[in-house]
2 protein chains.
Amino acid sequence: MKKCPEEFIDFAGKLADISGRVIRRYFRQPNGLSAKDDLSPVTTADLEAEQEMRMAIAAAYPEHGIIGEEFGNVQTKSDYTWMLDPIDGTASFMIGRPIFGTLISLLKNGTPILGIINQPITAERWIGANGQSILNGEKISTRKNLPLSQAVLCTTSPDYLFSEKAKEFFASVSKKARYTVYGGDCYSYGLLAAGLVDAVIESGLKPHDFCALRPIIEGAGGVFADWRGQEITLDSSGDVIAAGNRKLLEEILKSA
Amino acid sequence: MKKCPEEFIDFAGKLADISGRVIRRYFRQPNGLSAKDDLSPVTTADLEAEQEMRMAIAAAYPEHGIIGEEFGNVQTKSDYTWMLDPIDGTASFMIGRPIFGTLISLLKNGTPILGIINQPITAERWIGANGQSILNGEKISTRKNLPLSQAVLCTTSPDYLFSEKAKEFFASVSKKARYTVYGGDCYSYGLLAAGLVDAVIESGLKPHDFCALRPIIEGAGGVFADWRGQEITLDSSGDVIAAGNRKLLEEILKSA
């Protein structure tokens, strides 16, 4: 993995602080709600948090690019681009459940070199960069010794597996796993990096989701691939498998 | 609802403190795990927390009965029986997700007059008794103005809906709701009581689950019924619907 300068890791932490302050103000406030046409819940918090992070980036690194979920893209000639998703897990946020997260990623020439998952209510922060992952200052690593039959599998919602083929794939893996836990969004990947979950399988992820996740998963010793076992890149389809180790990934791919 | 003496509400809070201290010690400690034959994860924390609560009850109210998930029943001639479930949401606990809860209920002659949901990691405590519900000292009430088409529906896992008929029932309601959020256990009922979730539909609940939930839901102005709309009692099957108000419950029952 390409090196991420410490300066940018510190700055990304400041972005997480900024978004956390905004998000905490709106958590469990029933009036801060609006709806996108596709009915996914997007809150004022989402918009304000992204705007404040964008302002901070523009002030500190006016030459850097920005790709955000809510306000589109700022393209520059810089090697560096920030990817922002203030609230991944909007459904959990909306119902007042503290297992959503803010995703912040820094890309160098299209490759994510830094990822943050920030949970501002429980005050948990995962940082992946330079080949390691930390959770609130402690180095973490994935669980590596369990076969699929003893593994814990997570996915946010069976409703997000759109095609029949995707549903079948997931069902056949789930049947072989020890058990399946639902409803986690980015938080599940954080738990995987911390060695508490063995695999996460999801469909329809966007670059602003998976770019932040990859350095955290890989920095903890895990693997992050698409449903054919290919490495996740900016061009990936968004069908992802995160696993604690390559052997488990291969068992999952074979069991489909 | 029958009156619950203040003395017992205070004592139930002490039980929640006791179980919380035990549970926090084991949260995210990967070595505290064992497995039941049915593969549901049950932890040392579960056993220890129940044992400590039982000791406290036996010391304070030796004449009271106790029904616990882990150690069976102590039957007495007293009007009062305590029902304990130290960790409802064992899967969430096992993967380190702070949305499980300790359920404590006091029954008078078979009717729950007090319910507690205690989340020891986020330090949240719901108490329902004497016709009202509080969350960390604040009075809460359910959301009452949304039709099913705008309602947020929760269930822990589609895998827990065992029969085909149950799956169909859930799917037909879910299709009509605004959206469905998975993976909450007792925490979802707490969020319903706090006006953040509109309905929870589940199958296979046990008395030690639903006895604690009922005073919290009803104290917040919600309704708690089985899948035929009948009141939940000790003899209920465990197929439950909690809703913010009776109108929504009726819309759910009709939409099946």
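Treat the numbers as computed from the prediction; the structure is a model and nothing was measured. (Residues numbered from 1 in each chain as written. Chains lettered and ligands numbered in written order. Predicted model: local features only at pLDDT ≥ 70, side-chain atom pairs only at ≥ 80, totals over all residues. Heavy atoms only, no water.)

**A closer look at helix α6 (residues 207-219) of chain A**
Given 3.6 residues per turn, any residue in an α-helix points the same way as the ones three and four places further on.
Residues and elements named next belong to chain A.
(1) Moving on: For α6, which comprises 13 residues, the first-to-last C-alpha distance of 18 Å matches the rise-based estimate of 18 Å (1.5 Å per residue) to within 8%.
(2) Moving on: Taking the largest bend as the criterion, α6 deviates by roughly 30 degrees, centred on Leu-213, and proline Pro-215 comes between one and four positions later.
(3) Moving on: Buried residues of α6: His-208, Asp-209, Phe-210, Cys-211, Ala-212, Leu-213, Arg-214, Pro-215, Ile-216, Ile-217 and Gly-219, and no others.
(4) Moving on: The positive-phi residue at the C-terminal boundary of α6 is Gly-221, with phi of around 95 degrees. (Helix = DSSP H or I, 4+ residues; strand = E, 2+ residues; numbered from the N terminus. Expected span 1.5 Å × (residues − 1). Bend = angle between axes of the 7 residues up to and from the residue. Buried < 20%, exposed > 50% of the residue type's maximum accessible area, 1.4 Å probe, protein only.)

**With respect to the interface of chain B and chain A**
(1) Moving on: On the side of chain A, 33 residues touch chain B, which itself brings 33 residues to the contact.
(2) Moving on: With both sides pooled, the region where chain B packs onto chain A buries about 2,700 Å², and carbon together with sulfur makes up 61% of that total.
(3) Moving on: Our count for the chain B to chain A interface comes out at 2 salt bridges.
(4) Moving on: Note that Glu124(A) and Arg28(B) form a salt bridge whose closest N and O atoms lie 2.7 Å from each other.
(5) Moving on: The interface formed by chain B and chain A holds 8 residue pairs in polar contact (both at pLDDT 80 or more) in total.
(6) Moving on: With 4 residues, the single largest contributor to the side of chain B that touches chain A is strand β12 (residues 179-182) of chain B.
(7) Moving on: Broken down by class, the residue content of the side of chain B that touches chain A amounts to 19 nonpolar, 9 polar and 5 charged. (Contact = heavy atoms within 4.5 Å. Buried area = accessible area lost by both parts, 1.4 Å probe. Salt bridge = Lys/Arg side-chain N within 4 Å of Asp/Glu carboxyl O. Polar contact = N/O pair within 3.5 Å; in protein donor to acceptor, adjacent residues only side chain to side chain. Nonpolar A, V, L, I, M, F, W, Y, C, P; charged D, E, K, R; others polar.)

**Some thoughts on the relation of the copies chain B and chain A**
(1) Moving on: Once turned by 180 degrees and shifted 0.0 Å along the axis, chain B lies on chain A with an RMSD of 0.0 Å. Read as a symmetry element, the transformation amounts to a two-fold axis. When C-alpha positions in chain B are compared against the rotation axis, the closest is assigned to Gly183(B), at 2.4 Å.
(2) Moving on: Comparing interface residues between copies, 100% of those in chain B also lie at the interface in chain A; the contact surface is shared. (Least-squares fit on C-alpha atoms with pLDDT ≥ 70 in both.)

**Some thoughts on the packing of helix α1 (residues 6-26) of chain A against helix α2 (residues 44-60) of chain A**
Residues and elements named next belong to chain A.
(1) Moving on: In the contact formed by α1 and α2, the axes pass within 9 Å of each other and the chain directions differ by 155 degrees. By the criterion of interaxial angle, the relationship of α1 to α2 is roughly antiparallel. The interaxial crossing formed by α1 with α2 has right-handed handedness. Residues Phe-11, Leu-15, Ile-18, Ser-19, Val-22, Ile-23, Arg-25 and Tyr-26 of α1 form the contact with α2, whose participating residues are Thr-44, Ala-45, Glu-48, Ala-49, Glu-52, Met-53, Ala-56, Ile-57 and Ala-60.
(2) Moving on: The class makeup of the residues in the contact of α1 with α2 is 12 nonpolar, 2 polar and 3 charged. (Axes fitted to C-alpha atoms, helices over the stretch in contact; angles between N-to-C directions. Parallel < 35°, antiparallel > 145°, perpendicular 65-115°, else oblique. Left-handed = near helix turned anticlockwise from the far one by under 90°.)

**Remarks on the domain arrangement of chain A**
By a widespread convention, an interface's size corresponds to the accessible area lost as its parts come together.
Residues and elements named next belong to chain A.
(1) Moving on: Domain assignment breaks chain A into domain 1 (6-139) and domain 2 (148-254).
(2) Moving on: Each of domain 1 and domain 2 was reduced to a C-alpha centroid, and the two centroids are 21 Å apart.
(3) Moving on: In this assembly, 34 residues from domain 1 lie in contact with 20 residues from domain 2.
(4) Moving on: When the two sides are added together, the surface that domain 1 and domain 2 hide from each other amounts to roughly 2,000 Å², 69% of it contributed by carbon and sulfur.
(5) Moving on: Area buried by domain 1 at its contact with domain 2 is led by Ile-99, Ile-117 and Trp-126, which between them contribute 26% of it.
(6) Moving on: At the boundary of domain 1 and domain 2, one finds 0 salt bridges.
(7) Moving on: At the boundary of domain 1 and domain 2, one finds 9 residue pairs in polar contact (both at pLDDT 80 or more).
(8) Moving on: Of all the secondary structure elements, the ones that give two or more residues to the side of domain 1 that touches domain 2 are β5 (80-88), β6 (101-108), β7 (111-119), β8 (124-129) and β9 (132-135). (Domains from an automatic or database assignment.)

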